[in-house]
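So the chains spell out like this:
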Amino acid sequence: MSSAEPSHSPGCLIEARDVVKSFGQTPALRGASVSAAAGEILAIMGPSGSGKSTLLHCLAGIFKPDSGQVWFDGTRLDELSETRRTELRRTAFGFVFQFGQLVPELSTADNIALPLLLNRVRRKTAYQAADSWLKRLALAETGARRTGELSGGQAQRVALARALAPRPKVIFADEPTGSLDSLASENVMDLLVGMAREEGTTVVLVTHDARVAAYADREVMVRDGKVTSPLDPVDAAGRHAGAEVGSQ
Ligand code: ADP
């Protein structure tokens with residue numbers, strides 16, 4: 001590698017650098033930079049429409065940035081082919097969204113086993129792993145039930161188990177408690193953080209809820225498509241120094 005060649009920052013497992021992404025005429029990210037170390041739990045906060053979800057989708061290799069770089073484990077994710085990115089998402093990343101996106105007609109155990117079967121894990125091994133995750137997440141009694149019959153909190157715990165079962169390096173969680181009451185939210189966050197710590201999984205968590213962000217090791221703010229840290233100095237107008245003053 002020549003000295004002029006940019007490389008990922010040392011110590012980072014995943015990093016976005018100066019990422020720009022627009023949807024037609026709508027700018028979503030205007031040079032966003034953020035990184036997370038292995039095993040770190042990072043919360044991405046910010047108002048609605050600021051670019052949080054777009055940043056998460058760029059970090060996860062779902063969206064390709066218009067410009068800038070995305071690094072994962074020393075590799076330029078944004079330069080990989082769609083096939084390689086899909087493969088990586090299946091093996092190295094896990095996803096939890098606001099609505100678990102489980103298959104409602106399938107049983108809880110089937111939903112957890114599914115990503116393992118897609119990764120060519122043997123059927124027996126996949127279902128043994130599903131059972132063990134159901135026990136760890138206090139869902140053992142739901143194994144044979146269809147996920148469409150579960151409560152919101154139970155369904156999110158199944159979504160967690162499904163994301164964790166392939167033992168990903170990074171879990172991307174986009175408003176994972178957005179549809180839950182506060183008790184169920186706490187329960188899901190306790191489990192997400194507890195399991196991530198046990199497994200050494202990095203978590204990138206998008207939320208607008210300060211109580212959810214409080215579970216993270218570190219918080220960053222997205223404003224107007226750029227990332228600022230709550231530790232950045234704030235000017236007299238209450239704007240972070242890293243934010244583009246006057247941009248709308
Ligand atoms: P947040 O997650 O902070 O609510 P988003 O990343 O979803 O913000 O959106 C950032 C901006 O990009 C918003 O103006 C939004 O309307 C726009 N946007 C996001 N996704 C799309 C899309 N698929 N098509 C068009 N515009 C989009």
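Residues numbered from 1 in each chain as written. Predicted model: local features only at pLDDT ≥ 70, side-chain atom pairs only at ≥ 80, totals over all residues. Heavy atoms only, no water.

A. Looking closely at the sheet that holds strand β9 (residues 218-223). Read across the sheet, six strands follow the order β6-β7-β8-β3-β9-β10 without closing on themselves; strand pairing throughout is mixed. Where the open sheet ends on each side, the last strands, each with one partner, are β6 (93-96) and β10 (226-228). Each strand axis lies, on average, 20 degrees off the axis of its neighbour in the sheet, ignoring direction. Pairing analysis gives four bridges linking strand β3 (residues 41-45) to β9, with the strands arranged parallel. Bridging across to β9, I44 finds its partner in V220. Across the sheet, helix α5 (residues 152-164) lies against β6 and β7 (170-174), angled at about 170 degrees from β6, the strand it touches most. (Pairing = 2+ DSSP bridges. Helix = DSSP H or I, 4+ residues; strand = E, 2+ residues; numbered from the N terminus. Axes fitted to C-alpha atoms, helices over the stretch in contact; angles between N-to-C directions. Contact = heavy atoms within 4.5 Å.)

B. Representation of the pattern of salt bridges in the model. Counting across every chain of the model gives 15 salt bridges. Note that R89 is salt-bridged to E82, the shortest N-O span being 3.4 Å. On the basis of relative accessibility, which here comes to 17%, the residue R89 falls in the buried class. E82 gets classed as partly exposed once you look at its relative accessible area, which sits at 42%. Residue E149 is joined to R146 by a salt bridge in which the shortest nitrogen-to-oxygen separation is 3.3 Å. Through salt bridges with shared partners, a single ionic network connects R136, R167, E198 and E199. (Salt bridge = Lys/Arg side-chain N within 4 Å of Asp/Glu carboxyl O. Buried < 20%, exposed > 50% of the residue type's maximum accessible area, 1.4 Å probe, protein only.)

C. Just the sheet that holds strand β4 (residues 67-72), in detail. Sheet architecture is open: four strands sit in the order β2-β1-β4-β5, paired in antiparallel fashion. One side of each edge strand has no neighbouring strand; the edge strands of this open sheet are β2 (26-37) and β5 (75-76). Here β4 pairs with β5 via two bridges, running antiparallel. Its bridge partner lying in β5, W71 is registered against R76. Contacts from helix α1 (residues 52-59) reach β1 (12-23), β2 and β4, with the element oriented near 125 degrees to β1.

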